[in-house]
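Architecture and fold: a report
Single-letter residue listing:
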Amino acid sequence: MTDATAQTPKIRLTNVHKRFGAKHVLQGFTLDVMPQESVVIIGGSGTGKSVMLKCILGLLTPDEGEIEIDGQPTVHLSNSDREAVNAKIGMLFQNAALFDSLSVWENVAFGLIQGKRMKRKAAKEIAIEKLAQVGLGADVGALSPAELSGGMRKRVGLARAIAGNPDIIFFDEPTTGLDPIMGHVIDDLIVKCVKEVGATAISITHDMPSARRIADRMAMLYKGAVIWNGPVAEIDRSGNDYVDQFINGSADGPIQMELRKL
Amino acid sequence: MNPLRAIGAASLRFLAATGRLTVFALSGVGHCIRPPIYPRLILRQMVDIGYYSLPVVGLTTLFAGMVLALQSYTGFARFSAEGAIPSVVVLSICRELSPVLAGLMIAGRIGAAMAAELGTMRVTEQVDALETLSTNPIKYLIAPRLLAGVTMLPFLVLIGDIMGVFGGFVVSVYKLGFNEQTYLINTWNFLEAQDVISGLVKASVFGFLVALMGCYHGFHSRGGAQGVGAATTNAVVSASILILIANYLITEMFFAT
Ligand SMILES: Nc1ncnc2c1ncn2[C@@H]1O[C@H](COP(=O)(O)OP(=O)(O)O)[C@@H](O)[C@H]1O
Ligand SMILES: [Mg+2]
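Definitions and limits used
Residues numbered from 1 in each chain as written. Chains lettered and ligands numbered in written order. Predicted model: local features only at pLDDT ≥ 70, side-chain atom pairs only at ≥ 80, totals over all residues. Heavy atoms only, no water. Buried < 20%, exposed > 50% of the residue type's maximum accessible area, 1.4 Å probe, protein only. Helix = DSSP H or I, 4+ residues; strand = E, 2+ residues; numbered from the N terminus. Pairing = 2+ DSSP bridges. Donors = N, O, S within 2.8 Å, 3.2 Å for Na, K, Ca; no water. Contact = heavy atoms within 4.5 Å. Buried area = accessible area lost by both parts, 1.4 Å probe. Salt bridge = Lys/Arg side-chain N within 4 Å of Asp/Glu carboxyl O. Polar contact = N/O pair within 3.5 Å; in protein donor to acceptor, adjacent residues only side chain to side chain. 1 Å grid on protein atoms, 1.4 Å probe; cavity = no way out; pocket = protein on both sides within 12 Å on 5 of 7 lines; lining within 4 Å. Points joined across faces, edges and corners; volume = space filled by probe spheres on them. Nonpolar A, V, L, I, M, F, W, Y, C, P; charged D, E, K, R; others polar. Axes fitted to C-alpha atoms, helices over the stretch in contact; angles between N-to-C directions. Lys, Arg positive; Asp, Glu negative; His and termini not counted. Expected span 1.5 Å × (residues − 1). Near = heavy atom within 4 Å. Areas by Shrake-Rupley, 256 points an atom, 1.4 Å probe, with all protein chains shown as cover. Parallel < 35°, antiparallel > 145°, perpendicular 65-115°, else oblique. Left-handed = near helix turned anticlockwise from the far one by under 90°. Phe/Tyr/Trp six-rings, centres within 6.5 Å; stacked < 30°, edge-to-face > 60°. Lys NZ or Arg CZ within 6 Å of the ring centre and 35° of its normal.

**Things to note about the pairing of strand S6 (residues 89-92) of chain A**
All names here are of chain A. Judged by which residues are buried, S6 turns out to be covered on both faces: Ile-89 and Met-91 on one side and Gly-90 and Leu-92 on the other are all buried. Where S6 meets strand S7 (residues 168-172), four bridges bridge the pair, whose relative direction is parallel. Bridge pairing in S7 places Met-91 opposite Phe-170.

Now the structure itself:
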């Protein structure tokens, strides 16, 4: 208890609200992520998990609430300060969001060349190395993103997210669309990023076996707020009906009951 | 329903949109002159706009010059004023037809392509991805397009001027029986620097407008493929209208006495 309060959280979201017109997506989202911790967010589709990550990155501005990174409030940063903050963060987008005007290796090296002003040749070497880490050969580097399968795009997105050795990494559904074996490889890679490089990670996933492998802590998002949050070992005895239903993937439970009412 | 309220709401929406566009344009221009600049991207846009539009602009202005000679001949022959044809052709081409036709063609070719490309980047989150990779999307995507538009349209219009005059020359000499030398001398003698310069100024402004509309609508598109389609249409229509309005204003600036 004393330990957790003494240390500044790497990322702190306090009572964050986000609306799109009448749709109230985040309804008081509160979460602390400690340095070098790997937190997995679970929750149904469309509950605002991706929106939450975009709020932290400043791609969306919350309507209410505070977001801090390393103790620094980030909601109303100037452009240059925001760039400095985002330079510490790597992001894997849900649909990879690769630049289709660039080749695969240029995608992976983008942050190095544009953000960190590295020489193209040096950046290419790192890009090839990162591609190898996600199980893609150097020959893939020369292809254009349009020539890749969905799973390969995801892995290129992952390589791009970790290329700059970021301090904080967000993984939006990293294993969706991958076969189980490649999913496992990616899980190991995420664990390695967190454990060896000392990064702080927030991952979003629907894949419970994968979530158990990569998480130190899990948080369940329901109706725009965190309804349960605890160490991964305790997820099976959370005593929360929503969590139990979600992790068991059962059709019966409080979540569906409320869907029926609509 | 209160009609005043509807008018008020529409005016507010219009003012808000104008304000957003102005802020967007200013920040785009600001990024053109502040480092870092991206020579590679600027060059690619310049080639796209300048080089690959040459056939379109060349053909339209060539035929415009040809039809102009033919039409003025049928009119002027009634007053035995055929001698005015070279000057009519060169003045109309340089002052009006070449810039306006090139502008409208580029609006269709480049404005639409810009809106579609940026719109797709927006809805597939590539614009968001740029920001997370410490790259300002306005600087990386918008500034090179604005720069290329402003610089390449005058080049195209210059080519258009030559093609248009050439079209008029061909029709006059080979169809209407003009003497080659007299035609060229008359063309040259009537042309003043201001005629060409006003056309190039127009071209620069039109290039800016086309790039701005393509970028603005593409950059702010939302809602998947349908949104990108709407952005493309809006970019072409708004650029075309703005070109015609700007054309009048610049003409008045140069030639109203
Ligand atoms: N830019 C946006 N404009 C309007 N609505 C949005 C936008 N982004 C997300 N939403 C809405 O917010 C809700 C949550 O989306 P999202 O965070 O992507 O869900 P998920 O939890 O599956 O990642 C969805 O209902 C979606 O329609
Ligand atoms: Mg999502």
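Once the structure has been displayed, the description carries forward.
**A word on the coordination of the magnesium ion (ligand 2)**
Looking at the magnesium ion (ligand 2), the protein donor atoms are Ser-50 of chain A (OG) and Gln-94 of chain A (OE1), and they sit 2.0 to 2.1 Å from it. Remark: Gln-94 of chain A occurs in the loop between S6 and helix H4 (104-115) and Ser-50 of chain A occurs in helix H2 (residues 49-57); sequence separation between them is 44 residues.

**Looking at unusual backbone geometry**
For Ala-97 of chain A, which is not glycine, the phi torsion reads 55 degrees and is therefore positive. Inspection of the secondary structure puts Ala-97 of chain A in the loop between S6 and H4. For Glu-125 of chain B, which is not a glycine, the phi torsion comes out positive at approximately 70 degrees. Relative to the assigned elements, Glu-125 of chain B resides in the loop between helix H4 (85-123) and helix H5 (126-132).

**Focus on the interface of chain B and chain A**
On the chain A side, the residues contacting the 18 residues of chain B number 22 residues. Approximately 1800 Å² of surface area, both sides summed, lies buried where chain B meets chain A, with 54% of it carried by carbon and sulfur atoms. Summed over the shared surface of chain B and chain A, the number is one salt bridge. A salt bridge links Lys-54 of chain A to Glu-125 of chain B; the shortest N-O distance between them is 2.4 Å. Joining chain B to chain A, the criterion identifies three residue pairs in polar contact (both at pLDDT 80 or more).

**Notes on empty space enclosed by the protein**
Under the counting rule described, the total for this entry stands at two cavities of 30 Å³ or more. In this structure, the largest cavity is lined by 13 residues; those nearest its centre are Ser-101 of chain A together with Leu-41, Arg-44, Tyr-140 and Leu-141 of chain B. Those elements that place two or more of their residues in the lining of the largest cavity are helix H2 (39-51), H4 and helix H6 (137-174) of chain B. Examining the composition of the lining of the largest cavity, we find that four residues originate from one element, H6 of chain B, more than from any other. Classifying every residue of the lining of the largest cavity by side-chain character gives eight nonpolar, two polar and three charged. Space inside the second largest cavity adds up to approximately 40 Å³. Lining the second largest cavity are His-31, Cys-32, Pro-36, Ile-37, Tyr-38, Ile-42, Lys-139, Ala-143, Pro-144 and Leu-147 of chain B. Those elements that place two or more of their residues in the lining of the second largest cavity are helix H1 (3-33) and H6 of chain B. It is H6 of chain B that provides the largest number of residues to the lining of the second largest cavity, a total of four residues.

**Looking at the sheet that holds strand S5 (residues 72-73) of chain A**
Residues and elements named next belong to chain A. The strand order S2-S1-S4-S5 describes an open sheet built from four strands, whose pairing is antiparallel. Strand pairing shows two members of the sheet lacking a second neighbour, strand S2 (23-33) and S5, which therefore form its edges. With eight bridges joining them, strand S1 (residues 11-20) and S2 adopt antiparallel strand pairing. Directly across from Leu-13, in S2, lies its bridge partner Leu-31. Sheet strands in contact with H2 are S1, S2 and strand S4 (64-69), and its direction is about 115 degrees off that of S1.

**Observations concerning the side chain of Lys-130 of chain A**
Residues and elements named next belong to chain A. By the element assignment, Lys-130 lies in helix H5 (residues 120-133). It turns out Lys-130 is buried and unbridged, and the closest side chain with the opposite charge, Glu-129, is 4.9 Å from it. Setting aside anything within four residues of it in sequence, one finds Lys-130 in contact with Val-108, Ala-159, Ile-162, Ala-163 and Asn-165.

**Details of helix H3 (residues 54-76) of chain B**
All names here are of chain B. With 23 residues, H3 ought to run about 33 Å at 1.5 Å a step, and its terminal C-alpha atoms sit 32 Å apart, in line with that. Among the residues of H3, those classed as buried are Val-57, Gly-58, Thr-61, Leu-62, Ala-64, Gly-65, Leu-68, Ala-69 and Ser-72. The inward-facing, buried residues of H3 abut H4 and H6.

**Structural notes on the layout of surface pockets**
If you add up the space inside the second largest pocket, you get close to 400 Å³. In terms of lining, the second largest pocket is formed by 16 residues, of which the most central are Ile-113, Gln-114 and Arg-120 of chain A together with Arg-40 and Tyr-140 of chain B. Those elements giving two or more residues to the lining of the second largest pocket turn out to be H4 of chain A together with H2 of chain B. Within the lining of the second largest pocket, the residues separate by chemical class into nine nonpolar, two polar and five charged.

**Quick word on the site of ligand 1**
Residues and elements named next belong to chain A. Phe-20, Lys-23, Val-25, Gly-44, Ser-45, Gly-46, Thr-47, Gly-48, Lys-49, Ser-50, Val-51 and Gln-94 make up every residue found near ligand 1. Contacts to ligand 1 include Thr-47, whose backbone N or O atom sits 3.3 Å from an oxygen atom. Between ligand 1 and the protein, one listed contact pairs an oxygen atom with a backbone N or O atom of Val-51 at 2.9 Å. Here ligand 1 loses 65% of its free accessible area of 560 Å² to cover by the protein chains. Sorting the residues of the shell around ligand 1 by element identifies S2 and H2 as the ones contributing at least two each.

**Points about the packing of H5 of chain A against helix H6 (residues 150-162) of chain A**
Angle between the axes and distance between the axes are the two parameters that describe a pair of packed helices. Residues and elements named next belong to chain A. At a minimum axis distance of 9 Å, the contact between H5 and H6 shows a crossing angle of 130 degrees. Judged on the interaxial angle alone, H6 and H5 are oblique. Seen along the crossing, H5 lies across H6 with a hand that is right-handed. Here Lys-130, Leu-131 and Gln-133 of H5 come into contact with H6, specifically with Val-156, Ala-159 and Ile-162. Taken together, the residues of the contact of H5 with H6 break down into four nonpolar, one polar and one charged.

**Looking at the packing of aromatic side chains**
Residues and elements named next belong to chain B. The final tally for this structure, using the stated rule, is 10 aromatic pairs over all chains. Between Phe-24 and Tyr-216, the ring centres sit 5.4 Å apart and the planes meet at 75 degrees, which makes this aromatic pair edge-to-face. Separated by 192 residues along the polypeptide, Phe-24 in helix H1 and Tyr-216 in helix H8 (residues 193-219) bring together distant segments of the chain. A relative accessible area of 5% places Phe-24 in the buried class. For Tyr-216, a relative accessible area of 11% gives the class buried. For Arg-95, the ring lying beneath its charged end belongs to Phe-255, and the centroid distance is 3.8 Å. Against the face of Phe-219 rests Arg-122, its NZ or CZ located 4.7 Å from the ring centre.

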